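Residue-level listing of the chains:
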Amino acid sequence: MKPTLFLLAAGMGSRYGGLKQLDGLGPNGETIMDYSIYDAIQAGFGKIVWVIRRDFEQQFREQILSKYEDKIPCELCFQGLDALPEGFSVPEGRVKPWGTNHAVLMGKDVIKEPFCVINCDDFYGRDAFMTIGRFLSELPEGSENKYAMVGFRCCNTLSENGSVARGVCVYDDNHHLTDVVERTEIMRIDGTISYKDEQGQWQPLEENVPVSMNMWGFTPDYFAHSEAYFKEFLSDPKNMENLKAEFFIPLMVNKLINEGTSTVEVLDTTSKWFGVTYAADRQGTVDRIAQLIADGVYPEKLF
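Residues numbered from 1 in each chain as written. Predicted model: local features only at pLDDT ≥ 70, side-chain atom pairs only at ≥ 80, totals over all residues. Heavy atoms only, no water.

### A short note on the pairing of strand 4 (residues 115-119)
And then number 1: With five of its five residues buried, strand 4 lies for the most part within the structure.
And then number 2: Here strand 4 shows two buried faces, one formed by Phe115, Val117 and Asn119 and the other by Cys116 and Ile118.
And then number 3: Looking at chain direction, strand 4 and strand 10 (residues 210-218) are connected through three bridges and run antiparallel. The residue bridging Cys116 from the neighbouring strand is Gly217, located in strand 10. (Buried < 20%, exposed > 50% of the residue type's maximum accessible area, 1.4 Å probe, protein only. Helix = DSSP H or I, 4+ residues; strand = E, 2+ residues; numbered from the N terminus. Pairing = 2+ DSSP bridges.)

Listed below in structure tokens is the structure:
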């Protein structure tokens, strides 16, 4: 069964056109998302699903979906504040969405096959899609609780224009994820990759230590786990009182691996991540895409 690519795009909302996700960085106005979808098709993915906001549906269908519909099956699902389990309601004053794993949960009715979750504004690279696509397509039919995460080598995920935040992965002898430690400031200092610890001191980090760029591989049973845990999340008074509390993917993953329910294999990739973390990153991203085209990795016009 061919895997599905699931793009988290609910953050676009009604501000279409002003966000970096939709910035034309390729020679014909291609977005980073265009390159991800092109790579996924090359890697053997069989369907594309986006999670977006409902109020943006018509515009999204006309300006985004129409580009791909004759290339690969496409579907939409929708993240809304009120998409809550029975018995729960939106706390008064809450306007912030419920987070990335809530967005993933919205795909439960349209995704029945192994799937890869990505951000729509990160450039992951062909090898990353080939790697996760191979893992998902080689799973025995009916597999459950055997997930994966693409672990990018830290040295391949830095910005030249400032520090970045990354989830540093810890794994066991079987390359199964045991923890993701969030480091909010990572940068190269005097030639050495370093992170700022809890005491504000810079500590060295290995060049090739795997970090999470939010590229996950799941099977459909993940939705049932997420539904059950989301109810626990909403039943915790502090999560209802905090109007910015979010149900993140790592929160769900950590629960599953800590209780021994699931395994998450950390997959190595040679791909070099890039994106527009800082405004100054934009020209470098344009240049890198141009170089990939010159090297024959991508055609001049994708779609």
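### Observations concerning the packing of helix 1 (residues 32-42) against helix 4 (residues 126-137)
And then number 1: Following both chains from N to C, one finds helix 1 and helix 4 inclined at 45°, their axes separated by 9 Å at the closest point. As the angle between them shows, helix 1 and helix 4 are arranged oblique. Helix 4 is crossed by helix 1, and the crossing has right-handed handedness. Here Ser36, Tyr38, Asp39, Ala40 and Gln42 of helix 1 lie close against helix 4, whose contacting residues are Arg126, Phe129 and Met130.
And then number 2: Class assignment for the residues of the contact of helix 1 with helix 4 results in four nonpolar, two polar and two charged. (Axes fitted to C-alpha atoms, helices over the stretch in contact; angles between N-to-C directions. Parallel < 35°, antiparallel > 145°, perpendicular 65-115°, else oblique. Left-handed = near helix turned anticlockwise from the far one by under 90°. Contact = heavy atoms within 4.5 Å. Nonpolar A, V, L, I, M, F, W, Y, C, P; charged D, E, K, R; others polar.)

### Comments concerning unusual backbone geometry
And then number 1: Phi at Asp190 takes a positive value of approximately 50°, unusual for a residue other than glycine.
And then number 2: By the element assignment, Asp190 lies in the loop between strand 7 (177-189) and strand 8 (192-196).

### So, the nonpolar core
And then number 1: Ranked by internal contacts, the top residues of the largest apolar core, which has 48 residues, are Leu5, Trp50 and Met215.
And then number 2: Per-element accounting of this core gives the leading share, five residues, to helix 4. (Core = buried A, V, L, I, M, F, W, Y, C linked by side-chain atoms within 4.5 Å.)

### Topic: the packing of aromatic side chains
And then number 1: By the definition in use, this model includes 25 aromatic pairs.
And then number 2: Between Phe115 and Phe223, the ring centres sit 5.0 Å apart and the planes meet at 5°, which makes this aromatic pair stacked. One end of the pair, Phe115, is in strand 4; the other, Phe223, is in helix 5 (residues 221-235), with 108 residues separating them in the sequence.
And then number 3: Among the residues examined, Phe223 registers a relative accessible area of 4% and is labelled buried.
And then number 4: Taken together, a centroid distance of 6.2 Å and an interplanar angle of 90° make the contact between Tyr124 and Phe129 edge-to-face.
And then number 5: Classification of Tyr124 by relative accessible area gives buried; the value is 0%.
And then number 6: Among the residues examined, Phe129 registers a relative accessible area of 0% and is labelled buried. (Phe/Tyr/Trp six-rings, centres within 6.5 Å; stacked < 30°, edge-to-face > 60°.)

### Thoughts on the packing of helix 5 against helix 7 (residues 249-258)
And then number 1: Here helix 5 crosses helix 7 at 105°, and the two axes come no closer than 11 Å. Taken together, the axis directions place helix 5 and helix 7 in an arrangement best described as roughly perpendicular. Between helix 5 and helix 7, the contacting residues are Tyr222, His225, Ser226, Tyr229, Glu232 and Phe233 on the first element and Ile249, Leu251, Met252, Val253, Lys255 and Leu256 on the second.
And then number 2: In terms of residue class, the contact of helix 5 with helix 7 is built from eight nonpolar, two polar and two charged.

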